[in-house]
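Observations on the model geometry
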Amino acid sequence: MSSAGDTATDAKTQPSETPATTSTNRRQPFGRGFLDTISTGWADRPESHPPRREQADFAAARRAAVSAAFPGQRLVIPAGGLAQRSNDTDHPFRAHSAFAHLTGWASDAEPDAVLVLEPQDQGHEPTLYFRERADRTTSEFYSDAAIGEFWIGPRPSLAGVASELGLATAHLDDLQLDDDDLTVGHDPALTRFVSELRLVKDEYEIAQMRLAVEVTARGFDDIVANLPGVIAHPRGERIVEGVFHQRARSDGNAVGYETIAASGPHACYLHWTRNDGAVVPGDLILIDAGVEVDSLYTADITRTLPVNGTFTDVQRRVYETVREAADAAFAAARPGVPFRAVHAAAMEVIAARVAEWGLLPVSAEEALDADQGGQHRRYMVHGTSHHLGIDVHDCAEARREMYYDAPLEPGMVFTIEPGLYFQIDDLTVPQELRGIGVRIEDDILMTADGPVNLSADIPRTADEVEAWIARLT
Ligand code: GLY
Ligand code: MN
Ligand code: MN
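The following refers to the structure shown.

Here is what the cut-offs are and how they apply
Residues numbered from 1 in each chain as written. Chains lettered and ligands numbered in written order. Predicted model: local features only at pLDDT ≥ 70, side-chain atom pairs only at ≥ 80, totals over all residues. Heavy atoms only, no water. Donors = N, O, S within 2.8 Å, 3.2 Å for Na, K, Ca; no water. Tetrahedral: all angles 85-135°; square planar, octahedral: opposite > 155°, others 65-115°. Helix = DSSP H or I, 4+ residues; strand = E, 2+ residues; numbered from the N terminus. Buried < 20%, exposed > 50% of the residue type's maximum accessible area, 1.4 Å probe, protein only. Near = heavy atom within 4 Å. Polar contact = N/O pair within 3.5 Å; in protein donor to acceptor, adjacent residues only side chain to side chain. Areas by Shrake-Rupley, 256 points an atom, 1.4 Å probe, with all protein chains shown as cover. Nonpolar A, V, L, I, M, F, W, Y, C, P; charged D, E, K, R; others polar. Axes fitted to C-alpha atoms, helices over the stretch in contact; angles between N-to-C directions. Parallel < 35°, antiparallel > 145°, perpendicular 65-115°, else oblique. Left-handed = near helix turned anticlockwise from the far one by under 90°. Contact = heavy atoms within 4.5 Å. Pairing = 2+ DSSP bridges. Expected span 1.5 Å × (residues − 1). Arc of directions from axis to C-beta. Core = buried A, V, L, I, M, F, W, Y, C linked by side-chain atoms within 4.5 Å. Phe/Tyr/Trp six-rings, centres within 6.5 Å; stacked < 30°, edge-to-face > 60°.

Our next topic: the coordination of the manganese ion (ligand 3). Protein coordination at the manganese ion (ligand 3) comes from Asp288 (OD), Asp288 (OD), Asp300 (OD) and Glu441 (OE), with a distance range of 2.0 to 2.3 Å. Here the manganese ion (ligand 3) binds six donor atoms, and the angle range of 58 to 172 degrees at the metal identifies the geometry as irregular. In this structure, the manganese ion (ligand 3) lies 3.3 Å away from the manganese ion (ligand 2), the two metals sharing Asp300 as a donor. Remark: Asp300 occurs in the loop between strand 11 (291-292) and strand 12 (301-306) and Asp288 occurs in strand 10 (residues 284-289); sequence separation between them is twelve residues. For the pair shown, Asp288 and Asp300 are each scored as buried.

Printed below as a string of structure tokens:
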């Protein structure tokens, strides 16, 4: 990210162009010859008007819903800026989900862009503000490592973005914010509204979710095909992570969250992303990974594999119990049923089985008691389902009554992801269970006819998983 000579120091450069915090220990002053010639000799950049993107009309409909809910208010939806990783390196930019949802500008959005909905007599007029490309007569383009085009590549033009997104655009310098503005991230009512607006996906979003799942499936195939190399490496979990990432990047995509590659006892750590362990034949490996496509929609899928291709009896028993819980949750999911019923169905199976195995100090019925129970949750502390979309845990600002307690509706997309995790040092379980962690996570689309498992083609029964490994390795 950083290179030598990131700031001009010649007299022609205004002091204000040199941030006070910029390190000076490796500046290469620009000579007069450079400064006299750098602004000349560049070809004109003809203005292009790329075609309107498919998502533009969907974003317009979403803005109309926001507009109707906040008449007469000036609404501000920031994309957010770069987040520092360390010193002068930043994390890759990722636009705020509400911004991407309401503009249709996603993986190629510009940092610091802001969507403003300006109130009119009727409704609102949208304007998208962002940092227009710098003229080559400015020093910015060659001397500013954070935003200069010499450093980060060409920025989009106002006219080009207006054409692609079907929105008026303006330079960020022209943006004026008022104290009365309602801003996503600051105003609770607006923040909640734009989060709840994503609970039911439109046709474009559903197509993007199908795409995200499809390309994620390829990554899982690649992991299975690479198992011999994974086993051979002392940090095989890293290889799993890398293989998945390579698939995402070589398809032009990203990952929607840090890949979990958790082998052996690591599978019991729910968000194990350290991924620095060996992958040992005889163990299970839990892989929780999702590709994020250009529109920023992400899959969120988990499969648990026997490293040597065959489940032991005890591994299979745990695995098939988790699958039974997943299937029960799927069967409970239908339009009109509260979202929380999906979790309850999975919990009935988990409680019944761990009670049968003698792990509970109480009966399954007692464990399922809302107030006094919960003993089975020791082995599955997480929820069974969450909404999924442009964020992996989508609609996080939605009210409980709109989310967990709300009825399922056609167009909702959510996970079903029960698991069983027996920590390596859990004295409440027999030795044979210790160190076994299993999760099966699928991405579900609710339709008027019932749930559709978007990830059903990724092998999920114990037999299918064994056949998958046998076929690809
Ligand atoms: N990958 C995080 C989750 O499953 O919720
Ligand atoms: Mn999940
Ligand atoms: Mn997951």
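Now, onward.
On to the coordination of the manganese ion (ligand 2), then. Geometry reference: four tetrahedral donors at a metal, ideal angle 109.5 degrees. Six octahedral donors, ideal angles 90 or 180 degrees. The protein atoms that coordinate the manganese ion (ligand 2) are Asp300 (OD), His386 (NE2), Glu417 (OE) and Glu441 (OE), at distances spanning 2.0 to 2.2 Å. Going along the chain, you hit the donors of the manganese ion (ligand 2) in the pattern D-x85-H-x30-E-x23-E. We classify His386 as buried; its relative accessible area is 10%. For Glu441, a relative accessible area of 0% puts it in the buried group.

As a rule of thumb, non-glycine residues mostly have phi less than zero, and peptide bonds are mostly trans rather than cis. Non-glycine residue Asp112 carries a positive phi angle of around 75 degrees. Its location among the elements puts Asp112 in the loop between helix 3 (97-103) and strand 4 (114-119). Not every positive phi belongs to a glycine, and Cys395 is a case in point at roughly 60 degrees. Mapped onto the fold, Cys395 is located in the loop between helix 13 (364-367) and strand 13 (413-416).

Moving on to the site of ligand 1. By nearness alone, every residue bordering ligand 1 is listed as Tyr257, His271, Asp288, Asp300, His386, His393, Glu417 and Glu441. Within the side chain of Asp288, one N or O atom sits 3.1 Å away from a nitrogen atom of ligand 1. For ligand 1, whose accessible area on its own is 190 Å², the fraction buried by protein is 91%. When the residues that make up the shell around ligand 1 are grouped by side-chain class, the tally is one nonpolar, three polar and four charged.

Orientation of helix 8 (residues 203-225) relative to helix 10 (residues 236-250), taken along the N-to-C sense of each, is 140 degrees, at an axis distance of 9 Å. Judged by the angle between their axes, helix 8 and helix 10 are oblique. Pair helix 8 / helix 10 crosses with right-handed handedness. Contact residues: helix 8 offers Val215, Thr216, Arg218, Gly219, Phe220, Asp222 and Ile223, while helix 10 offers Val240, Val243, Phe244 and Arg247. Considered class by class, the residues forming the contact of helix 8 with helix 10 number six nonpolar, two polar and three charged.

Once that is clear, we can look at the sheet that holds strand 16 (residues 442-447). As summarised here, the arrangement of the three strands in space is 13-16-17, forming an open sheet in which the pairing is antiparallel. On the outer flanks of this sheet lie strand 13 and strand 17 (450-453), each paired with one strand and no other. Strand-to-strand, the axes of this sheet are offset by a mean angle of 40 degrees, without reference to chain direction. Inspection of the sheet shows strand 16 paired to strand 17 by four bridges, in the antiparallel sense. Residue Thr447 lies in a different strand from strand 17, and its bridge partner there is Gly450.

Taking 1.5 Å per residue, 15 residues should reach 21 Å; helix 2 (residues 55-69) reaches 22 Å between its end C-alpha atoms and fits that length. For helix 2, the full list of buried residues reads Gln55, Ala56, Ala59, Arg62, Arg63, Val66 and Ser67. On an axial view of helix 2, the arc spanned by its buried residues comes to 145 degrees, and they lie on one face. Residues of helix 2 that are exposed and point more than 90 degrees away from the buried face comprise Ala61 and Ala68.

This part takes up the nonpolar core. The biggest cluster of nonpolar side chains holds 88 residues, and the ones touching the most others in it are Leu305, Phe414, Leu420 and Phe422. Discounting residues that sit within four places of it in the chain, Phe422 has contacts with Cys268, Val318, Trp357, Leu359, Tyr379, Val429, Leu433, Arg434, Gly435 and Ile436. By size, the runner-up hydrophobic cluster in this structure holds 24 residues, among which are Leu75, Ala95, Ala98 and Phe130.

Attention now moves to the packing of aromatic side chains. What describes a pair of aromatic rings is the distance from one ring centre to the other and the angle between the planes of the rings. Per the stated rule, a full pass over the model turns up 17 aromatic pairs. Centre to centre, the rings of Phe99 and Trp105 are 6.4 Å apart; their planes meet at 40 degrees, and the pair counts as tilted. There is no split in this pair, since Phe99 and Trp105 are both buried. Here the aromatic rings of Phe339 and Phe414 are separated by 5.5 Å at their centres, their planes lie at 85 degrees, and the arrangement is edge-to-face. Residue Phe339 is located in the loop between helix 11 (313-332) and helix 12 (340-356), and its partner Phe414 is located in strand 13; the two are separated by 75 residues in the primary sequence. Residue classification places Phe414 among the buried residues on the basis of a relative accessible area of 0%. An aromatic cluster of three or more residues is present, and its members are Phe30, Phe34, Trp42, Phe141, Tyr142 and Phe150.

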